[in-house]
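# Residue-level structural notes
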Amino acid sequence: MMQQVSSGSPFLKPFFLKTPVSVVSPLRQRRHTLPASEFRNLTSQDAISVFEIEREAFVSVSGECPLTLDEVLSFLGQCPELSLGWFEEGQLVAFIIGSGWDKERLSQEAMTQHVPNTPTVHIHVLSVHRHCRQQGKGSVLLWRYLQYLRCIPGIRRALLICEDFLVPFYLKAGFKEKGASAITVSNMHFQEMEYSLGGQAYTRRNSGC
């Protein structure tokens, strides 16, 4: 669920001068050429990048996007604090969009609604750019998002729906199965998953907590 980003360092050819020059440590040189990673909440300005990644990831597989562009804009306008994007060199490579929900189980209405000031976050979509898949980015982003939610006062759990083949991925991340979801999209059926946010966020530098 779901930019070409260059991550290689250029090779520098040595050159010689008659006058002695100061030599920069290779470690210091490399530090400036590594891609900068940033995790932050999304804004409406990110909506086009979000939708392009989502469309490529989902339409080719299921023919449906979890969120339309209008819905992306709506959620990023109403609850940007429940989103998280991973940027490398300023380019979006992966993202999660969530919204608030106020019932025990997700219903069809949860797909398009945000209920503010509730203890439950509905995770609508997790998507990774096609050039960044099979690198563990989805797992890393999900872990960071869940730890981030622990820092938000009043948030107690996260819910999502997924197809059967994704259940092991979410079980490995600490979710538990709640059974078949009442939500259907076209002819697709889903399992509902729940993650308890009890306890403290793991201590981690730059966690933002």
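All of the points below concern the structure found in this document. (Residues numbered from 1 in each chain as written. Predicted model: local features only at pLDDT ≥ 70, side-chain atom pairs only at ≥ 80, totals over all residues. Heavy atoms only, no water.)

### Things to note about the packing of aromatic side chains
Threshold: By convention, a stacked pair of Phe, Tyr or Trp rings (six-membered ring in the case of Trp) has centres within 6.5 Å and planes under 30 degrees apart, an edge-to-face pair has planes over 60 apart, and any other such pair is tilted. The way it works is that DSSP assigns letters per residue, a run of H or I at least four long becomes a helix, a run of E at least two long becomes a strand, and they are numbered from the N terminus. Exposure categories follow from relative accessible area, calculated using a 1.4 Å probe and restricted to protein chains: below 20% of the type maximum is buried, above 50% is exposed, and the middle band is partly exposed. The rule is short: NZ of Lys or CZ of Arg within 6 Å of the ring centre and within 35 degrees of the ring normal puts a charge over the ring.
Inspection of the entire model under this criterion finds 5 aromatic pairs. Residues Phe 39 and Trp 86 carry aromatic rings whose centres are separated by 4.7 Å and whose planes lie at 35 degrees to one another, so their mutual orientation is tilted. Taken together, the residues span a long stretch of sequence, with Phe 39 in strand S1 (residues 37–40) and Trp 86 in strand S2 (residues 83–88) at a distance of 47 residues. Phe 39 sits in the partly exposed class, given a relative accessible area of 22%. Here a set of aromatic residues connected by ring pairs shows up, and it is made of Phe 169, Tyr 170, Phe 175 and Tyr 195. The ring of Phe 39 carries the charged tip of Arg 144 above its face, separated from the ring centre by 3.9 Å.

### Topic: unusual backbone geometry
Positive phi, close to 50 degrees, is recorded for Glu 89, a residue that is not glycine. Topologically, Glu 89 is positioned in the loop between S2 and strand S3 (91–101).

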